[in-house]
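# Structural overview
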Amino acid sequence: MSHHSKGVDAGDFHELAPLYAVDALEPAERAEFEQHLADCLPCQAELAGYAEVTAHLAAGSAQTPPPELRASVLDSIHGTRPLPASDPQAGSASGTGTATDAETGPAGVVVSLEERRRRRTRRLLTAAAAAVLLPGIAVGGWSLGVQSEQRQQAEVAARQQEQENRLLSAPDLATHQVEVNGQTATLVVSREQDEALFVADGLPDPGEGREYQLWLLEADTPIPDQHFSGGDVSVWLSGDLDKAGAVALTVEPAGGSTAPTFPIVAVAEI
């Protein structure tokens, strides 16, 4: 059974659902609505629909509400003014209210049904403004976050391109091709710049739970370097090339190893 209080008419509870959804109810009305909501399946279904719309808004593309829409909503809010609360004849003068259609406001002032409806209209419009304008701001903030992330990614890509250009223009540039399980890969090296880049297109999958790993070979000592999966790869070696005489490639457990697992897949003398 639905619980109806004398503060809110039974028919008004269903008008409160959109206001409740955007947190636009006064504390007393919110408490009364929640009491009604516990037993009202239509209101529960309506609120679930609002939640679904909110989720779509958050997942959609950010769009700034057009200026004319914002102006129209705000004009509607400001243009809806309640009748003077001190006029006890407001309801009967309109021909729509009776003594039973009024409620007692602050300090015992009788508030007509017409005035209550005007107030409700104003608050509904306020809720509409929140539903129209605030999600645009929130989703717009989400869009700014995405744009910031995209900008950071572009900056990283630009730095990587600059590093590649610097390596490719080195006077001592050397390239070494190796075969990795039937696929050709290239090691690009500049000792002068102390940089080396391992690149390959369509490197075979090293297997489940496995990764490729590069090693700098200093005399008889393998120094572990970068590890990575298959596919299209472009990997900068992180070690010191000064003492390295070769670069080797092995297949290791995911996460890399401190000592190479034989056999060696490929090796390039540098």
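## Structural notes on the overall build of the chain
Along the chain, the regular secondary structure elements total six helices and ten strands. For the chain, the residues scored as buried account for 30% of the 270 residues in total. Taking as baseline every contact in the chain between residues at least 6 positions apart, the subset at least 24 positions apart corresponds to 56%.

## Remarks on the sheet that holds strand 3 (residues 174-180)
Across the sheet, which stays open at both edges, the four strands sit in the order 3-4-5-8 with antiparallel pairing between neighbours. With partners counted over all chains shown, the strands left at the sheet margins are strand 3 and strand 8 (231-236), one partner each. The mean angle between the axes of side-by-side strands here comes to 15°, regardless of whether they run parallel or antiparallel. In the sheet, strand 5 (residues 195-203) pairs with strand 8 via five bridges, with the strands oriented antiparallel. Across the sheet, the residue bridging to Leu 203 is Gly 231, located in strand 8.

## A look at the packing of aromatic side chains
To describe a pair of aromatic rings, one takes the distance between the centres and the angle between the planes. For the coordinates displayed, the defined rule picks out two aromatic pairs. Here Phe 198 and Phe 228 contribute two aromatic rings whose centre-to-centre distance is 5.7 Å and whose plane-to-plane angle is 40°, an arrangement assigned as tilted. Taken together, the residues span a long stretch of sequence, with Phe 198 in strand 5 and Phe 228 in strand 7 (residues 221-228) at a distance of 30 residues. With a relative accessible area of 8%, Phe 228 lands in the buried category.

## Observations regarding empty space enclosed by the protein
With a probe scaled to a water molecule rolled over the atoms, the places where space remains empty come into view. For the structure shown, the criterion picks out one cavity of 30 Å³ or more. Empty space within the largest cavity amounts to approximately 60 Å³. A per-class count over the lining of the largest cavity returns ten nonpolar, no polar and no charged.

## Let's talk about the pattern of salt bridges
In this structure the tally under the stated criterion is two salt bridges. In this structure, Arg 30 engages Glu 34 in a salt bridge whose closest nitrogen and oxygen atoms are separated by 3.4 Å. In this pair, Arg 30 and Glu 34 both sit in helix 2 (residues 27-37), four residues apart, roughly one turn of the helix. We classify Glu 34 as partly exposed; its relative accessible area is 34%.

## Considerations on the nonpolar core
Phe 198 and Phe 228 are the most contacted members of the largest nonpolar core, which totals 23 residues. Of all the secondary-structure elements, those providing two or more residues to this core are strand 3, strand 4 (183-190), strand 5, strand 6 (210-218), strand 8, strand 9 (246-253) and strand 10 (266-269). It is strand 5 that provides the largest number of residues to this core, a total of four residues. Once you skip the residues sitting within four places of it in the chain, Phe 228 turns out to touch Phe 198, Leu 203, Glu 211, Tyr 212, Leu 214, Val 233, Val 235 and Leu 249. Listed in part, the eleven residues of the second largest apolar core include Tyr 20, Leu 37, Cys 40 and Leu 47.

## What about helix 2?
All of the buried residues along helix 2 are Glu 29, Glu 32, Phe 33, His 36 and Leu 37. One side of helix 2 carries all its buried residues, which in axial view fall inside an arc of 140°. Residues of helix 2 that are exposed and point more than 90 degrees away from the buried face comprise Pro 27 and Ala 28.

## Observations regarding the confidence of the model for the chain
Looking at the chain as a whole, its pLDDT mean stands at 75, while 58% of the residues score no less than 70. Taken together, the stretch residues 80-103 has pLDDT below 50 and engages in 39 contacts with residues farther than four places along the chain or on a different chain. Low pLDDT (under 50) marks residues 105-109, which in the prediction has five contacts with non-local residues, meaning those over four places away or in another chain.

Definitions and limits used
Residues numbered from 1 in each chain as written. Predicted model: local features only at pLDDT ≥ 70, side-chain atom pairs only at ≥ 80, totals over all residues. Heavy atoms only, no water. Helix = DSSP H or I, 4+ residues; strand = E, 2+ residues; numbered from the N terminus. Buried < 20%, exposed > 50% of the residue type's maximum accessible area, 1.4 Å probe, protein only. Contact = heavy atoms within 4.5 Å. Pairing = 2+ DSSP bridges. Axes fitted to C-alpha atoms, helices over the stretch in contact; angles between N-to-C directions. Phe/Tyr/Trp six-rings, centres within 6.5 Å; stacked < 30°, edge-to-face > 60°. 1 Å grid on protein atoms, 1.4 Å probe; cavity = no way out; pocket = protein on both sides within 12 Å on 5 of 7 lines; lining within 4 Å. Points joined across faces, edges and corners; volume = space filled by probe spheres on them. Nonpolar A, V, L, I, M, F, W, Y, C, P; charged D, E, K, R; others polar. Salt bridge = Lys/Arg side-chain N within 4 Å of Asp/Glu carboxyl O. Core = buried A, V, L, I, M, F, W, Y, C linked by side-chain atoms within 4.5 Å. Arc of directions from axis to C-beta. pLDDT = per-residue confidence, 0-100.

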